Amino acid sequence: MVLEPVDQLRRGHHQARCRKRASGIEGSSGSRWRSAHRSSRPGDGRISFELRAATSLARLWQRQGKRDAARALLAPVYAWFTEGFDTRDLQDAKALLAELR
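Everything in this summary refers to the structure shown in the same document. In this text the structure is predicted, and so the values were computed from the model without any measurement.

### So, the overall build of the protein
If you tally the helices and strands in the protein, you get five helices and zero strands. Its helices and strands in sequence order give the protein the pattern α-α-α-α-α, from N to C terminus. In the protein, which comprises 101 residues, the proportion classed as buried is 37%. Taking all contacts inside the protein whose residues are at least 6 apart in sequence as the whole, residues at least 24 apart take part in 50%. When the accessible surface of the protein is split by element, carbon and sulfur atoms take 51% of a total near 5,900 Å².

### A closer look at the pattern of salt bridges
A full pass over the atoms with the stated rule returns two salt bridges. For R52, the salt bridge goes to D89, with nearest N and O atoms at 2.6 Å. Of the two residues, R52 sits in helix α3 (residues 47-63) while D89 sits in helix α5 (residues 88-99), which places them 37 residues apart along the sequence. Residue class for D89 comes out buried when judged on its relative accessible area of 18%. The partner of R88 in a salt bridge is D92, and the shortest N-O contact between them spans 3.7 Å. Of this pair, R88 and D92 are both found in helix α5, four residues apart, which corresponds to roughly one turn of the helix.

### Here's the deal with the packing of α3 against helix α4 (residues 67-79)
Remark: α3 packs on α4, axes separated minimally by 8 Å, with the N-to-C direction vectors making an angle of 165°. In terms of axis orientation, α3 runs roughly antiparallel to α4. Our pair here, α3 against α4, has a crossing hand that is left-handed. Judged by residue contacts, E50, L51, A54, T55, L57, A58, W61 and Q62 of α3 engage R67, A69, A70, L73, L74, V77 and Y78 from α4. For the contact of α3 with α4, the class distribution of residues is eleven nonpolar, two polar and two charged.

### Things to note about the packing of α3 against α5
It is at 10 Å that the axes of α3 and α5 come closest, and there the two elements cross at 30°. With respect to their mutual orientation, α3 and α5 come out roughly parallel. Pair α3 / α5 crosses with left-handed handedness. Note on element contacts: α5 touches α3 through D89, L90, D92, A93, L96 and E99, opposite L51, R52, T55, A58, R59 and Q62. Class assignment for the residues of the contact of α3 with α5 results in five nonpolar, two polar and five charged.

### Points about α5
The terminal C-alpha atoms of α5 lie 16 Å apart, and with twelve residues this matches the ideal 16 Å at 1.5 Å per residue to within 8%. Within the span of α5, buried status applies to D89, L90, A93, L96 and L97. Down the axis of α5, the buried set is contained in an arc of 125°. They therefore lie on one face. The exposed residues of α5 that point more than 90 degrees off its buried face are R88 and K94. Against α3 and α4 lie the buried residues of α5.

Cut-offs used in this document
- Residues numbered from 1 in each chain as written.
- Predicted model: local features only at pLDDT ≥ 70, side-chain atom pairs only at ≥ 80, totals over all residues.
- Heavy atoms only, no water.
- Helix = DSSP H or I, 4+ residues; strand = E, 2+ residues; numbered from the N terminus.
- Buried < 20%, exposed > 50% of the residue type's maximum accessible area, 1.4 Å probe, protein only.
- Contact = heavy atoms within 4.5 Å.
- Areas by Shrake-Rupley, 256 points an atom, 1.4 Å probe, with all protein chains shown as cover.
- Salt bridge = Lys/Arg side-chain N within 4 Å of Asp/Glu carboxyl O.
- Axes fitted to C-alpha atoms, helices over the stretch in contact; angles between N-to-C directions.
- Parallel < 35°, antiparallel > 145°, perpendicular 65-115°, else oblique.
- Left-handed = near helix turned anticlockwise from the far one by under 90°.
- Nonpolar A, V, L, I, M, F, W, Y, C, P; charged D, E, K, R; others polar.
- Expected span 1.5 Å × (residues − 1).
- Arc of directions from axis to C-beta.

Structural data, given as structure tokens:
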């Protein structure tokens, strides 16, 4: 699945904003990641975008010490997938889930 260019730009913009912020401050970056996470739900053909948004938000929460919340967010999204486990996005999500155990 290919992300729409606007989705890729939005993701890149929010990742850059997250990197700029101190690790303990969520601010608007976290709320924007949650917005991106909610904007693509299963069945609308954009679950890859959902996985990327959930993985990014879970990483932010991990840095903030919210390990349980990060795992609770990412695990069900990862479970939606039944194929494509050789892709970078799924490998990244799997590795992050392993760190969150």
